[in-house]
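Spelled out, the chains give:
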There are 2 protein chains.
Amino acid sequence: MQKHNFSAGPSILPKSVFEKASQAILDYNSKGLSLLEMSHRSDDFVQIMHNAQSLVKELLGLNENQKVLFLSGGASTAFYILALNLLKTKAAYVNTGTWSTKAIKEAKRIGHVDTLASSEDQGFNYIPEFEYVENCDYLHTTSNNTIYGTQYQNFKSYKSIHVCDMSSDIFSRTFNAQDFGLIYAGAQKNMGPAGTTLYIVNQEILGKTQRNLPSMLDLELQIQKNSMFNTPPVFPIYVSMLTLEWITSLGGVQQIEKINNQKSDLLYNEIDRNALLVGYAQKESRSKMNVTFNLTDKQLSEAFLEMCSSAGIVGIKGHRSVGGFRASIYNAMPIESVQVLVDVMQDFEKQYG
Amino acid sequence: MQKHNFSAGPSILPKSVFEKASQAILDYNSKGLSLLEMSHRSDDFVQIMHNAQSLVKELLGLNENQKVLFLSGGASTAFYILALNLLKTKAAYVNTGTWSTKAIKEAKRIGHVDTLASSEDQGFNYIPEFEYVENCDYLHTTSNNTIYGTQYQNFKSYKSIHVCDMSSDIFSRTFNAQDFGLIYAGAQKNMGPAGTTLYIVNQEILGKTQRNLPSMLDLELQIQKNSMFNTPPVFPIYVSMLTLEWITSLGGVQQIEKINNQKSDLLYNEIDRNALLVGYAQKESRSKMNVTFNLTDKQLSEAFLEMCSSAGIVGIKGHRSVGGFRASIYNAMPIESVQVLVDVMQDFEKQYG
């Protein structure tokens, strides 16, 4: 039976990407070697790294000052790295959920954190308004909150002062990437398998703390070494490159965004229509990547899960910290799979409504 | 043409491992999902992590206090992590090459480093004798020096004070793993693809610095979360598990060691016999993993490389920092491939001797 994978991350990637990745492990480009046994200093891998970086630049329209890195570790590592590289005295954070909270925690090890706004008062089910305060080293936001299903609908321009965790919505919609000082994103949602994190750094923001940085956490050094101070996570970077090629082949982020809008409209319309379902996030803060919802009668949870499972739907359970349900509909999720979920929701209403 | 991959890392892995890894990307265990799209909290991945850890424990005969972690980043990240977690005031290091030098550099950011001995005076071509000084927080050694082709032939017991970088020879020979406080090893030589580092931590050595550690660099927290504080590098860990299963299926480290001895004997005997070749490392310090050598007439380098290439041999060039040649003959390298190299060496002598 065909599976429909709504997991929040690691998560669905295009089938063609899986096929190419699988083949590269047996024999990369008919070289007689597996990609996994090739030196990271080989021409082949240097080319992979270059392609991956170029695709990011093209897809997001970066400027010359914005450098693209693929480093090891996840966004959790980035929380500390970014503060270590940028926080001199005071930074401004907006707290929109678990990941923002963790980012704040790591930054507090380095300097003072001013929390401009938080949506914790309502279980992080909305994106709060905030006023940016001057004289901060940077402003940190989390563009999409995977666990709660909220997302900034757009961003004001704060220029290079803006640092943003885009782990779960990068490459899913158009935005002005040049407005950011640092964008980072763990690969395992819209880009690739777990094991690498994309950093897009405007190099003008670096070098201001006078801090003596450990080599692997030093963004200036990583730029200088083009992400290859040490052996990088070769395979996760390769698969990310394949996904970026796939996005480009579809027509880029603008095209992907149209399809993502169709998918999220389809699902939210059903949630709003269906008497047995209720959305978790407030309407004006809804995420187009992670659709969170509850049943009006929680006692029917097992029955709903069973219907999902019978239809081949997996990964639909909400995060352990909030419960309920969550359908992650990243770039690689076909609209047909979203329709399967909508069909189950309608059958569920017919049977239990 | 069959390739014989002598690369120093990323490097050869067993063919059966490539085949299983390739299949898991298309469909993991007939689940209808790729391994790359599965949640790291799924039963399947929790089982993979558990298996990988258990195999390490069994293959090396660890005790109850020794915890096994698979973290992101490479040994270069470990250089800083280990000092951050263990260095209170003073640590003792033995400098046997590029990687030791880098480890010392990162440790000096944290505290005082006493370099007990160094082989830098002779281009790191030997393992120096040293006397351990009391009152250090730990003693750090590099068991095998990939670039220079030197290796400690055995270790004295320093008990839990001993921290060792075993990136390029772990699982290649028997040793008393219980004699170490911390063993770490980047996966991409004897264990798996680039992207994860194995840490074997005697938990009794932790918690002594009173330092407030960033979450991702905190070994106590990583033990508490069983390497899953955040999303771990799923695929590199899975492939490492497959390689550990392969070692176990061959009869464990003891059996592998016998084959490794045969392979290195075959190659060193030819280097010592062949009038056109000269070993780089001093005989009593020779590595059984990385065999470094030069031509007596360096002008023949291109000719030798061409003969290697014609025989399907790749990755034989020495590290850019030392030049010459290097044959890395890790666990997965079949003795037949070593024989192909020896044959080329003999043909080379016939043609140019």
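Parameters at a glance
- Residues numbered from 1 in each chain as written.
- Chains lettered and ligands numbered in written order.
- Predicted model: local features only at pLDDT ≥ 70, side-chain atom pairs only at ≥ 80, totals over all residues.
- Heavy atoms only, no water.
- 1 Å grid on protein atoms, 1.4 Å probe; cavity = no way out; pocket = protein on both sides within 12 Å on 5 of 7 lines; lining within 4 Å.
- Points joined across faces, edges and corners; volume = space filled by probe spheres on them.
- Helix = DSSP H or I, 4+ residues; strand = E, 2+ residues; numbered from the N terminus.
- Nonpolar A, V, L, I, M, F, W, Y, C, P; charged D, E, K, R; others polar.
- Pairing = 2+ DSSP bridges.
- Axes fitted to C-alpha atoms, helices over the stretch in contact; angles between N-to-C directions.
- Contact = heavy atoms within 4.5 Å.
- Least-squares fit on C-alpha atoms with pLDDT ≥ 70 in both.
- Buried area = accessible area lost by both parts, 1.4 Å probe.
- Salt bridge = Lys/Arg side-chain N within 4 Å of Asp/Glu carboxyl O.
- Polar contact = N/O pair within 3.5 Å; in protein donor to acceptor, adjacent residues only side chain to side chain.
- Buried < 20%, exposed > 50% of the residue type's maximum accessible area, 1.4 Å probe, protein only.
- Domains from an automatic or database assignment.
- Disulfide = S-S within 2.5 Å.
- pLDDT = per-residue confidence, 0-100.
- Parallel < 35°, antiparallel > 145°, perpendicular 65-115°, else oblique.
- Left-handed = near helix turned anticlockwise from the far one by under 90°.

### Description of empty space enclosed by the protein
A complete count under the given rule lists seven cavities of 30 Å³ or more for this structure. G73 and T77 of chain A together with S72, G73 and T77 of chain B are, among the 22 residues lining the largest cavity, the residues nearest its centre. Secondary structure elements with two or more residues in the lining of the largest cavity: α3 (75-86) of chain A together with β2 (66-71) and α3 (75-86) of chain B. The residue makeup of the lining of the largest cavity, split by class, is 11 nonpolar, 11 polar and no charged.

### Brief notes about the sheet that holds strand β11 (residues 277-279) of chain A
Residues and elements named next belong to chain A. Pairing in this open sheet of three strands is antiparallel, and the strands run β11-β12-β14 from one edge to the other. At either end of the open sheet lies a strand with only one pairing partner, and these are β11 and β14 (325-328). For this sheet the average axis-to-axis angle between neighbouring strands, irrespective of direction, equals 35 degrees. Bridge analysis of strand β12 (residues 290-295) against β14 gives four bridges, and the strand direction is antiparallel. When the sheet's bridge partners are listed, T292 is paired in β14 with R326. Across the sheet, helix α7 (residues 253-273) lies against β11, β12 and β14, angled at about 15 degrees from β12, the strand it touches most.

### A word on the relation of the copies chain B and chain A
Mapping chain B onto chain A is achieved by rotating through 180 degrees and translating by 0.0 Å along the same axis, at an RMSD of 0.0 Å. Each copy turns onto its partner about a two-fold axis. Distance from the rotation axis, computed per C-alpha, reaches its smallest value in chain B at S22 of chain B: 2.2 Å. Both copies share a contact surface, since 100% of the interface residues of chain B are interface residues in chain A too.

### Let's talk about the interface of chain B and chain A
Taken residue by residue, the interface counts 52 residues in chain B and 52 residues in chain A. Between chain B and chain A, a total of about 4100 Å² is buried, with carbon and sulfur atoms accounting for 60% of that surface. In terms of surface lost to chain A, no three residues of chain B exceed F18, L36 and E37 of chain B, which account for 15% of the buried area on that side. Here chain B is connected to chain A by zero salt bridges. Where chain B meets chain A, there are 15 residue pairs in polar contact (both at pLDDT 80 or more). For the side of chain B that touches chain A, the elements supplying multiple residues, two or more each, are α1 (15-26), α3, α4 (98-107) and α6 (234-250) of chain B. Top element by residues in the side of chain B that touches chain A is α1 of chain B. It accounts for six residues.

### Focus on helix α8 (residues 301-310) of chain B
Residue and element names in this part refer to chain B. All of the buried residues along α8 are A303, F304, L305, M307 and C308. Of the surrounding elements, those touching the buried residues of α8 are β12 (290-295), β13 (313-314), β14 (325-328) and α9 (335-352). G312, located one to two residues past α8, shows a positive phi value of around 90 degrees.

### Some thoughts on the domain arrangement of chain A
Interface size is commonly expressed as the accessible area that is lost once the parts come together. Residue and element names in this part refer to chain A. Splitting chain A by domain gives domain 1 (15-250) and domain 2 (252-352). Just the C-alpha atoms count here: the centres of domain 1 and domain 2 sit 27 Å apart. Linking domain 1 to domain 2 there are zero salt bridges. Here domain 1 is connected to domain 2 by 17 residue pairs in polar contact (both at pLDDT 80 or more). Elements supplying a minimum of two residues to the side of domain 1 that touches domain 2: β7 (150-151) and α6 (234-250).

### What about unusual backbone geometry?
All names here are of chain A. Omega for the bond connecting G9 with P10 falls within 30 degrees of zero, at -10 degrees, which places this linkage in the cis form. Secondary-structure assignment places P10 in the loop between β1 (4-5) and α1 (15-26). The backbone of N29 sits at a positive phi, close to 50 degrees, despite the residue not being glycine. Locating N29 in the fold gives a position in the loop between α1 and α2 (43-60). Residue class for N29 comes out exposed when judged on its relative accessible area of 53%.

### Quick look at the state of the cysteines
Residues and elements named next belong to chain B. Overall, the coordinates contain zero disulfides over all chains when judged by the stated rule. Cysteine C164 remains unbridged, with the sulfur of C136 as its closest cysteine sulfur at 16 Å. Relative accessible area serves as the criterion here: at 0%, C164 is assigned to the buried category.

### Quick notes on the side chain of H4 of chain A
All names here are of chain A. Mapped onto the elements of the fold, H4 is located in strand β1. Of the residues examined, H4 reaches a relative accessible area of 7% and is grouped as buried. Apart from the residues within four sequence positions on either side, H4 is in contact with A311, G312, I313, V314, S337 and V340.

### A short note on the confidence of the model for chain A
In the predicted model, chain A carries a mean pLDDT of 97, and 100% of its residues have values of at least 70. As scored by the predictor, the complex reaches a pTM of 0.98 and an ipTM of 0.97.

### Concerning the pairing of β12 of chain A
Residues in a regular strand point their side chains to alternate faces of the sheet. Residues and elements named next belong to chain A. The buried count for β12 comes to six of six residues, which makes it a mostly enclosed element. Residues N290, T292 and N294 point to one face of β12 and V291, F293 and L295 to the other, with burial holding for every one of them. When β11 meets β12, the two strands line up antiparallel, connected through three bridges. The residue bridging V278 from the neighbouring strand is N294, located in β12.

### So, the packing of α3 of chain B against α4 of chain B
Residues and elements named next belong to chain B. At their nearest, the axes of α3 and α4 sit 8 Å apart, and the two run at 40 degrees to each other. When the interaxial angle is binned, α3 and α4 end up oblique. When the axes of α3 and α4 are compared, the crossing they make is right-handed. Across the interface between the two elements, S76, F79, Y80 and A83 from α3 touch W99, K102, A103, E106 and A107 from α4. Among the residues making up the contact of α3 with α4, the classes are represented as six nonpolar, one polar and two charged.

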